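Okay, here's what each chain looks like letter by letter:
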Amino acid sequence: MADMKSAVPPPPTPSPSAASAAPAVPACANCLALAADPRRREPPSCLTLRNSATAISQNAAGVPFSMMTFSCRDCGTVWRLYDRANELFVSWVPEHPLVR
Ligand SMILES: [Zn+2]
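What you see as residue numbers is a count from 1 along each chain, following the sequence as written. Note on the predicted model: pLDDT of at least 70 is required for a residue's local features to be given, and 80 or more for side-chain atom pairs to be given and counted; whole-chain, interface and lining totals, by contrast, use all residues. Remark: hydrogens and water are excluded; side-chain values derive from all non-hydrogen atoms of the structure.

### Here we look at the packing of aromatic side chains
In summary, the pairing rule links any two rings of Phe, Tyr or Trp, Trp by its six-membered ring, whose centres are within 6.5 Å, and it sorts them by plane angle into stacked for under 30 degrees, edge-to-face for over 60 and tilted for everything else. Following the criterion strictly, the structure yields 3 aromatic pairs and no others. Taken together, the ring pairs connect Phe70, Trp79 and Trp92 into an aromatic cluster. Stacked on the ring of phenylalanine 89, the Lys or Arg arginine 39 has its end atom at 4.0 Å from the ring centre. Only when the NZ atom of a Lys or the CZ atom of an Arg is both within 6 Å of the ring centre and within 35 degrees of the ring normal do we say a charge sits over the ring.

### Focus: the pairing of strand β5 (residues 91-94)
Two strands are said to pair when DSSP picks up at least two bridges between them. Each helix corresponds to a stretch of at least 4 residues labelled H or I by DSSP, and each strand to a stretch of at least 2 residues labelled E; elements are numbered beginning at the N terminus. When strand β4 (residues 78-84) meets β5, the two strands line up antiparallel, connected through 4 bridges. Paired with leucine 81 across the two strands is tryptophan 92, which belongs to β5. Connecting β4 to the next strand, β5, in antiparallel fashion are 6 residues, including asparagine 86 with a positive phi near 65 degrees.

### Some remarks on the confidence of the model for the protein
What pLDDT expresses is the predictor's confidence in each residue, scored from 0 to 100. Residues of the protein with pLDDT of at least 70 account for 77%, and the chain-wide mean is 84. The element-level mean pLDDT for the protein is lowest in strand β2 (residues 55-58), coming to 89, with helix α1 (residues 29-36) highest at 97.

### Re the pattern of salt bridges
Working definition: two side chains of opposite charge can pair if their charged atoms are close together. The salt bridge criterion pairs a side-chain nitrogen of Lys or Arg with a carboxyl oxygen of Asp or Glu, the two atoms within 4 Å. What the rule picks out here adds up to 3 salt bridges. The salt bridge involving glutamate 87 is made with arginine 84; its shortest N-O contact spans 3.6 Å. Exposure remark for glutamate 87: the relative accessible area of 41% places this residue in the partly exposed category. The class for arginine 84 is partly exposed, based on a relative accessible area of 27%. The rule is simple: take the accessible area with a 1.4 Å probe, protein chains only, and divide by the maximum for that residue type; under 20% is buried, over 50% is exposed, in between is partly exposed.

### A look at the nonpolar core
Grouped burial of nonpolar side chains is what soluble globular proteins tend to show. Only buried residues count toward a nonpolar core, which is a set of Ala, Val, Leu, Ile, Met, Phe, Trp, Tyr and Cys residues joined through side-chain atoms within 4.5 Å. Residues Cys28, Cys31, Leu47, Phe70, Cys72, Trp79 and Trp92 are the most contacted members of the largest nonpolar core, which totals 13 residues. Counting only elements with at least two residues in this core, the list comes to α1, β3 (64-72) and β4. Should any heavy atoms of two residues lie within 4.5 Å, those residues are counted as being in contact. Not counting chain neighbours up to four residues away, the residues in contact with tryptophan 79 comprise Cys31, Leu34, Ala35, Leu47, Met68, Thr69, Phe70, Trp92, Val93, Pro94 and Leu98.

Have a look at this one:
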């Protein structure tokens, strides 16, 4: 691990370990549908909850919200589900822009 932080400049071609930072897998149909309708509460069947702990925080206006992280079994897209207090709708936000 320490070797990766040496002064050697990064190689011009992406290494396999960097692939997760820039996913090239096209988003599946379910994820594209979710991106088109990010306010629905029901997660698509391809999404699995990543961590059971729900993060509770506040936005800049002091409104509390909870966040859960999901990942797609089909295309690997990571989604964050934001659920604000006193709001009817949730919002799904992909961790990276979807690849079509
Ligand atoms: Zn997907």
